[in-house]
Amino acid sequence: MATFTWEASLAASEKIHWTVDDLIGGDKKLDFTKSFLPESLARTEGLEFLLPVERRTLNQIRGHEYLVTFGLVEEFILPFVLDHARPELSGDDYRTRALLTFATEEAKHIHLFKRFREEFTKGFGVVCDVIGPPEAVAEEVLSHSPLAVALAILHIEWMTQRHFTDSVKDDGDIDPRFKSLLRHHWMEEAQHAKMDQLMVEALAATMTADEIAGAVDEYLEIGAFLDAGLMQQVELNLDSFQRATGRTLTESEAAAFREAQAGAVRWTYLGSGMTHPRFLETLEKLATGHRAKIEDVAPHFC
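Below you will find a few notes about this structure.

Each value, and the rule that gives it
- Residues numbered from 1 in each chain as written.
- Predicted model: local features only at pLDDT ≥ 70, side-chain atom pairs only at ≥ 80, totals over all residues.
- Heavy atoms only, no water.
- 1 Å grid on protein atoms, 1.4 Å probe; cavity = no way out; pocket = protein on both sides within 12 Å on 5 of 7 lines; lining within 4 Å.
- Points joined across faces, edges and corners; volume = space filled by probe spheres on them.
- Helix = DSSP H or I, 4+ residues; strand = E, 2+ residues; numbered from the N terminus.
- Nonpolar A, V, L, I, M, F, W, Y, C, P; charged D, E, K, R; others polar.
- Contact = heavy atoms within 4.5 Å.
- Phe/Tyr/Trp six-rings, centres within 6.5 Å; stacked < 30°, edge-to-face > 60°.
- Buried < 20%, exposed > 50% of the residue type's maximum accessible area, 1.4 Å probe, protein only.

## Points about the layout of surface pockets
Next, step 1: In this structure, the largest pocket encloses a volume near 460 Å³.
Next, step 2: Where the lining of the largest pocket is concerned, the elements lending two or more residues are α4 (52–85), α6 (134–142), α7 (146–166), α9 (209–245) and α10 (251–274).
Next, step 3: Per-class residue counts for the lining of the largest pocket are 23 nonpolar, six polar and no charged.
Next, step 4: Put simply, the second largest pocket is a space of about 220 Å³.
Next, step 5: Taken together, 15 residues form the lining of the second largest pocket, with Ser 35, Glu 39, Thr 44, Glu 45 and Asn 59 sitting closest to its centre.

Written as structure tokens, this is what we have:
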């Protein structure tokens, strides 16, 4: 298992320079003649009863959902990182600077996803309803133990890496603006994953085996909470699709839509993080049995 340090993570972060205005705004607009998400995440091609243009519309609705979902999770990542940094501001300088950089970049990501969502709303033509509000989601997630939240965030960081490295970088057909968002988000989250790994290790070092086991169970509770919201989002996506296309799906078509998209959404936000090799290595390092527990649950989300 790789060993990360605050100093090295900070040094890597300081080499990355981009702003929200570099990616969106002005003449940098979304191209609605293209898909937004790679097929490995969108999973629209299997819905053969939809016309190609309808599958593209659904893909774009999934892209909007992606913006909203990451806007939700960033809302609890930011306060968690700030709360983790505050108690030791006079400690390791590299650690303090790295965590403050982490927080600054998460605030930038919130702004990034909001700006892309604004551009989507201006260009798509139909309002797509979403789950939330972000404050309620954050309150529920942050009510869990710090290690459970840190594990959930680590899951998200590695998940983001997988989205780009496994699918986006080789998908030349998606909108260049959306691909740029995914790539730049990935660039900074690569360092955040290392920093969160260090937070997980520091938290676990102060806990008993039973406390760690409890935190892993709470991580699964967070996942179940998010999964329930994602299933609501599938229904909202179906409604948005029918309004955007003017097509009312038959009962059998709607059932096929729900089944395919439930699997797609679960893989995008849950399965791809739970099964990431680096995340599983972290669980294995915490104590025997935790990796196996997650691997038993993960197929439901893949």
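## Re the side chain of Ser 9
Next, step 1: Tracing the chain through its elements places Ser 9 in helix α1 (residues 6–13).
Next, step 2: Excluding residues that lie within four positions of it along the chain, Ser 9 makes contacts with Gln 191, Lys 194 and Met 195.

## Brief notes about the packing of aromatic side chains
Next, step 1: For the structure on display, the rule yields 14 aromatic pairs.
Next, step 2: Between Phe 116 and Phe 178 the ring centres are 6.3 Å apart and the planes differ by 85°, which places this aromatic pair in the edge-to-face class. Taken together, the positions of Phe 116 in helix α5 (residues 93–124) and Phe 178 in helix α8 (residues 176–204) put the pair 62 residues apart, joining distant regions of the chain. There is no split in this pair, since Phe 116 and Phe 178 are both buried.
Next, step 3: Taking the centre distance of 5.4 Å and the plane angle of 45° together, the rings of Tyr 219 and Phe 279 count as tilted. Of this pair, Tyr 219 sits in helix α9 while Phe 279 sits in helix α11 (residues 277–286), placing them 60 residues apart in sequence.
Next, step 4: Accessibility expressed as a relative area gives 0% for Phe 279, which makes it buried.
Next, step 5: Grouping aromatic residues by their ring pairs yields a cluster made of Phe 32, Phe 36, Phe 116, Phe 120, Phe 124 and Phe 178.

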